[in-house]
Amino acid sequence: MKKITCFILLVAFLSTVLSGEDLTKRTLQNSMNETYIKLPTSVNSLDEMFQEGIFYGRFRFNTFAYHWEQERRSSRKDHYTFGLGGSLLYKSGYFRGVGITTGLYTTQNPIHMDDEDANYYKAGKGVLSRYDILEKGRYGITSLAQAYLEYKIAGTSLKVGRQIVETSFTKSNDTKMIPNTFEGITFFSSSLPKTTLKTAYLTRQKLRDHSEFHHLLAYSDRLNSDYTKWQENDDAGMHRGLTLSKLKAKGIDDKLYIAQIENRSIDSFTWIANYTAVPDLFSLTLLEGRYVWQLANGFKIKPALRYIMQYDDGAGAIGGANLKTNITGYKASDSVNSNMWAARMDFAYEALKVRLAYSKVADEADLIVPWRGFPTVGFTRAMAQYNWYANTKTTMLRVDYNFEQAQLYTFVRYAIQDFDDEKSGVQSDSNVLTLDLIKRSTLYPNLYAKVRMAYVKGKDDVVSLDGITKADPSYRELRFEVNYLF
């Protein structure tokens, strides 16, 4: 299958180049998500529906190098990963409002560590499947991660099938090789003035490092081998106490319901409201407001405020308040009721932007968000950091600069993360410094390169309430990615 996928990608690339077709159908955001410039239009027949469709290709490779300050024999080892592959998407024309989208993705690992080291992969695990390595002896993933039927008319869209779902708590998070996608039904509408509506009913999820779709909110506890923990939802933001066997015993089917509204009726002001729920387990609500204050001299001041509430509907009694099931130091150990607020202030002038941000999670329960939509993103989250455990406070300074003439965008972040020392189920305090460089080629506008570096310095002498010294969270990381769109 992987050979077929690579062959299809190569043929599509050569066909596009030799035909002289305009390659600028999409651009990449700084997050590596895609923005479509050219899309299929309405057609008059079924034949034209497929004849007027458009192929979108993407070659990419990702490399990761990870160095721990202190290695640990059982869980930590310096490591590297490498992913090579890409994607081929097809969008048909729309006949009477109906269209089809499919997306075939592949990531292969010609350079890798030994099989027995699969447990050590951390940030770079998104370019391979650890479960497939140990269960099937297979490096690489090839997946039909998108395949949906769409009906759209007058600013309204209904999609059924496998798809990317971008809401406050669900994201594609396409920073590796294959995006995070879902199976289900989504509805989008921009028909109301200055308002967008999104609703979704999702039944399955495929994380970036999985070859198959799996449960949305069930941690695998199959007993046939140690690595079956990677078979279901093993995201770092997943609650490990909400196991598949416990949910089955209670007859709970983990489906996801989402409703979100975004409104811009007031000049310079945007507000967002989101409701996300897994019935019989828990629900989340989000309220966010953003304002842009345009000054006469070209300066802009952009304040924003976000508030999240998490409501326990049964998850606390099943899994406890901590995502890793270690409830030492938690006041209400059998409840996931919690909340978080975050604020930021951006100061922008021409190509420069400076951000000051702060977030605080209540001293109640950890937030449960295993769908790649991070509670603190856009405020205090730095690369690869999970700062939404109970009683966590984070302060961040971020500076962005756009060298527009050179097609180079860069930003640096410095975060001070204050975790709860008494809680043994969360890490020690750490300071995080990251640097991102995103370059778009001036000669080949569809060629992108991205370098990301992180230096994390944490405390190695924190003793939790149960008398155990927490592990030193210090590490260094380097990422390098190249993309070519066609």
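Structural data are supplied above this passage.
What comes next concerns the included structure. (Residues numbered from 1 in each chain as written. Predicted model: local features only at pLDDT ≥ 70, side-chain atom pairs only at ≥ 80, totals over all residues. Heavy atoms only, no water.)

**Here's the deal with the environment of Tyr 131**
Tracing the backbone through its elements, the reader meets Tyr 131 in helix α3 (residues 130-136). Placed 78 residues apart in sequence, Tyr 131 and Asp 209 show a C-alpha to C-alpha distance of 9.0 Å. If we skip the residues at most four places from it in the chain, Tyr 131 touches Lys 136, Tyr 227, Thr 228, Trp 230 and Gln 231. (Helix = DSSP H or I, 4+ residues; strand = E, 2+ residues; numbered from the N terminus. Contact = heavy atoms within 4.5 Å.)

**Description of the side chain of Glu 183**
Secondary-structure assignment places Glu 183 in strand β10 (residues 181-189). Within the structure, the side chain of Glu 183 is placed 2.9 Å from the side chain of Arg 162, a separation counted as a polar contact. Excluding its chain neighbours within four sequence positions, the residues that come into contact with Glu 183 are Gly 161, Arg 162, Tyr 201, Leu 202, Thr 203, Arg 204 and Phe 213. (Polar contact = N/O pair within 3.5 Å; in protein donor to acceptor, adjacent residues only side chain to side chain.)

**Looking at the pattern of salt bridges**
Per the stated rule, a full pass over the model turns up 26 salt bridges. A salt bridge links Glu 34 to Arg 26; the shortest N-O distance between them is 2.8 Å. A salt bridge links Arg 60 to Asp 174, with the nearest nitrogen and oxygen atoms 2.9 Å apart. Residue Arg 60 is found in strand β4 (residues 54-68), and its partner Asp 174 is found in the loop between β9 (156-163) and β10; the two are separated by 114 residues along the sequence. Pair check on accessibility: Arg 60 and Asp 174 agree, each one buried. (Salt bridge = Lys/Arg side-chain N within 4 Å of Asp/Glu carboxyl O. Buried < 20%, exposed > 50% of the residue type's maximum accessible area, 1.4 Å probe, protein only.)

**Remarks on the nonpolar core**
Formed by 46 residues in total, the largest nonpolar core has its most connected members in Leu 202, Leu 217, Leu 281, Phe 282 and Trp 371. The set of elements that each furnish at least two residues to this core consists of β11 (195-206), α4 (244-249), β12 (256-263), β13 (269-278), β14 (282-291), β16 (299-312), α5 (315-319) and β17 (338-349). Filtering out sequence-adjacent residues up to four positions away, Phe 282 remains in contact with Leu 217, Ala 277, Gln 310, Tyr 311, Asp 313, Ala 315, Val 336, Ile 368 and Trp 371. With 16 residues, the next largest nonpolar core counts Leu 89, Met 113, Tyr 121 and Tyr 139 among its residues. (Core = buried A, V, L, I, M, F, W, Y, C linked by side-chain atoms within 4.5 Å.)

**Section: the pairing of β16**
Where β14 meets β16, nine bridges bridge the pair, whose relative direction is antiparallel. Residue pairing across strands places Leu 284 opposite Gln 310, the latter belonging to β16. Relative to β16, strand β15 (residues 293-294) runs antiparallel, the two being bridged by two bridges. Residue pairing in the sheet places Gln 294 in a bridge with Lys 300 of β16. The antiparallel pairing of β15 with β16 creates a hairpin that spans four residues between the two strands, and Gly 298 there sits at a positive phi of about 95°. One ladder, built from twelve bridges, connects β16 with β17; its direction is antiparallel. Looking at β17, one finds that Lys 300 is bridged to Ala 348. (Pairing = 2+ DSSP bridges.)

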